[in-house]
Amino acid sequence: MSNNSKGQRLGNYICKVGYFDIRQQIVQPKRQRMQNGSYEMIGGKAEIFIYHSKAKMAGPFKTKDEAMVRAEKLITQGIKYSKNK
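The following refers to the structure shown. Everything numeric here is computed off the predicted structure, so don't read it as measured data.

Our focus in this paragraph is the overall build of the protein chain. Of regular secondary structure, the protein chain possesses 2 helices and 6 strands. A globule of 85 residues ought to have a C-alpha radius of gyration of about 12 Å, yet the protein chain, at 17 Å, is considerably larger. Its C-alpha atoms put the protein chain at 55 × 35 × 25 Å along the principal axes. The burial tally for the protein chain puts 22% of its 85 residues in the buried class. A fraction of 38% describes how many contacts in the protein chain between residues 6 or more apart in sequence connect residues 24 or more apart. For the protein chain, the computed accessible surface area is about 6500 Å², with 48% contributed by carbon and sulfur atoms. Looking at charge distribution, the protein chain has the averaged site of its 17 positive side-chain charges lying 9 Å from that of its 6 negative ones.

Structure follows, in structure tokens:
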């Protein structure tokens, strides 16, 4: 078995704001079989997150603009990911 790519684990890359990456995860709608044999549609979703390297810093957001504003705010506050928290 192969490892999942970074795009599958973290989401697709959208843009960079300072040292943060804006990534979007998209889940497609699918059909699920019910116990009585009928099918039900489960809706998809699109969520946007802010990452510093592989660490999720904020999210989910509905739009790219919301995420960019939040990333700029985190930069002005000087927030960075650190393993030794």
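From this point, the discussion proceeds with the structure in view.
Moving on to the sheet that holds strand β6 (residues 55-61). In any sheet, the strands associate via hydrogen bonds between backbone groups, in a parallel or an antiparallel arrangement. Overall, antiparallel pairing links the 4 strands, which are arranged β1-β2-β5-β6 in an open sheet. Only two strands of the sheet have a single neighbouring strand rather than two, namely β1 (12-17) and β6. If you compare each strand with its neighbour and ignore which way they point, the axes differ by 25 degrees on average. Examined bridge by bridge, strand β2 (residues 20-27) and strand β5 (residues 45-52) share 7 bridges and lie antiparallel to one another. For Arg23, the partnering residue across the bridge sits in β5 and is Phe49. Where helix α2 (residues 64-77) meets the sheet, its contacts fall on β1, β2, β5 and β6, and the angle it forms with β1 comes to roughly 45 degrees.

Attention now goes to the environment of Ile14. Assignment of secondary structure puts Ile14 in strand β1. Its relative accessible area of 28% is what places Ile14 among the partly exposed residues. For the pair formed by Ile14 and Ala55, sequence separation is 41 residues and the distance between their alpha carbons is 16 Å. In this view, Ile14 contacts Ile22, Arg23, Gln24 and Lys64; residues no more than four positions away in its chain are not counted.

This next bit is on the pattern of salt bridges. Evaluated as defined, the whole model comprises 1 salt bridge. Between Asp21 and Lys16 there is a salt bridge, with the nearest N and O atoms lying 2.8 Å from each other.

For the rest of this paragraph, the subject is the side chain of His52. Inspection of the secondary structure puts His52 in strand β5. Those residues in contact with His52, other than ones at most four positions away along the chain, are Tyr19, Phe20, Met57, Lys80 and Tyr81.

Each value, and the rule that gives it
Positions within a chain are numbered from 1, following the residues in the order the chain's sequence is written. In keeping with the predicted nature of the model, local features appear solely for residues at pLDDT of at least 70, side-chain atom pairs appear and are counted solely at 80 or more, and the whole-chain, interface and lining totals rest on all residues. Side-chain numbers here rest on the full set of heavy atoms in the structure, without hydrogens or water. Counting from the N terminus, the helices are the DSSP runs of H or I reaching at least four residues and the strands are the DSSP runs of E reaching at least two. Values of the radius of gyration come from C-alpha atoms, whereas the globule rule sets the reference at 2.2 Å times the count of residues to the power 0.38. Relative accessible area decides the class of each residue, using a 1.4 Å probe on protein chains only: under 20% of the type maximum gives buried, over 50% gives exposed, and in between gives partly exposed. The contact criterion used is simple: two residues touch if any of their non-hydrogen atoms lie within 4.5 Å. For the area figures, the Shrake-Rupley method with a 1.4 Å probe applies, and any residue is considered shielded solely by the protein chains shown. Here the positive residues are Lys and Arg and the negative ones are Asp and Glu; neither His nor the chain ends is included. Just so you know, the charge point we use is NZ for Lys, CZ for Arg, CG for Asp and CD for Glu. A pair of strands is labelled paired if DSSP reports no fewer than 2 bridges between them. Each axis is a line fitted through C-alpha atoms, taken for helices only over the stretch in contact, and angles between the N-to-C directions span 0 to 180 degrees. What makes a salt bridge here is a side-chain nitrogen of Lys or Arg within 4 Å of a carboxyl oxygen of Asp or Glu, nothing more.

These figures come from the coordinates and say nothing about function on their own.
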